[in-house]
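Okay, here's what each chain looks like letter by letter:
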Amino acid sequence: MEVAIIIGSDSDWPLVAPAWELLKDFGIETEVRVLSAHRTPAACVEFVQEAEAAGAKVFIAAAGLAAHLPGAVAAQTRRPVIGLPVAAGPLQGQDALYSIVQMPPGVPVATVGIDNARNAALLAAEILALSDPDIDAALVQYRRRQTENVLMKDRQLQGRLEGDK
Ligand code: RP5
């Protein structure tokens, strides 16, 4: 296992699944577990230790509401932890964002935007790419496709605007 994804509830999965898909596309071995900092604290600690022993180099932890999961994971490992705030509940992820990003000095969590599962996966891939040329090559291709896609959209818009003249 190279990346361990932990989600605070199965209700988070639809928003986190794009991260798993992207890592799979990059050929990165990823395990996903539902474990909560509040509801299953002991199992959460146990898994982080097991995952680290199994070779996990990066953790992605996703949670909504009072999202303590990424911080609780970071407290148990020196591997980089990427926190993904999930838009759940009446505050739609703003509570989770502040909770995840405002870690006390000494235990960092790299926080991405609310529901931005894709950026969490890309950040994990970029960390792994530092020591894996295949993942680095996959990232080069990903950026190239992204650039081509935006330029194509620009050409399409220019075409439509020309047609309106
Ligand atoms: C958080 O509480 C979870 O990460 C989820 O985003 C939110 C709601 O959980 P459920 O009540 O849907 O299980 O801990």
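Coordinates for the structure precede this section.
As the structure is a computational prediction, the values presented were derived from the model and not from experiment.

S.K.: Could you give an account of a negative patch on the surface, with specific residues and numbers?
M.R.: Together, Glu29, Glu31, Glu46 and Glu50 give the surface a local cluster of negative charge. As for its position among the elements, Glu31 is in strand S2 (residues 30-34).

S.K.: I'd like to hear about the packing of aromatic side chains, residue by residue, with values.
M.R.: Enumeration according to the criterion identifies 2 aromatic pairs in this entry. Between Phe26 and Tyr142, the ring centres sit 5.9 Å apart and the planes meet at 85°, which makes this aromatic pair edge-to-face. Placement of Phe26 in the loop between helix H1 (13-25) and S2 and of Tyr142 in helix H6 (residues 133-164) is noted, with a sequence separation of 116 residues between them. Judged by its relative accessible area of 12%, Phe26 falls in the buried class. Look at Tyr142 and you get buried, because its relative accessible area is 11%.

Definitions and limits used
- Residues numbered from 1 in each chain as written.
- Predicted model: local features only at pLDDT ≥ 70, side-chain atom pairs only at ≥ 80, totals over all residues.
- Heavy atoms only, no water.
- Patch = residues over 30% accessible without salt bridge, like charges linked within 9 Å, V, L, I, M, F, W, Y side chains within 5 Å.
- Areas by Shrake-Rupley, 256 points an atom, 1.4 Å probe, with all protein chains shown as cover.
- Salt bridge = Lys/Arg side-chain N within 4 Å of Asp/Glu carboxyl O.
- Lys, Arg positive; Asp, Glu negative; His and termini not counted.
- Charge placed at Lys NZ, Arg CZ, Asp CG, Glu CD.
- Helix = DSSP H or I, 4+ residues; strand = E, 2+ residues; numbered from the N terminus.
- Phe/Tyr/Trp six-rings, centres within 6.5 Å; stacked < 30°, edge-to-face > 60°.
- Buried < 20%, exposed > 50% of the residue type's maximum accessible area, 1.4 Å probe, protein only.

Geometric descriptors of this kind do not, in isolation, establish any biological role.
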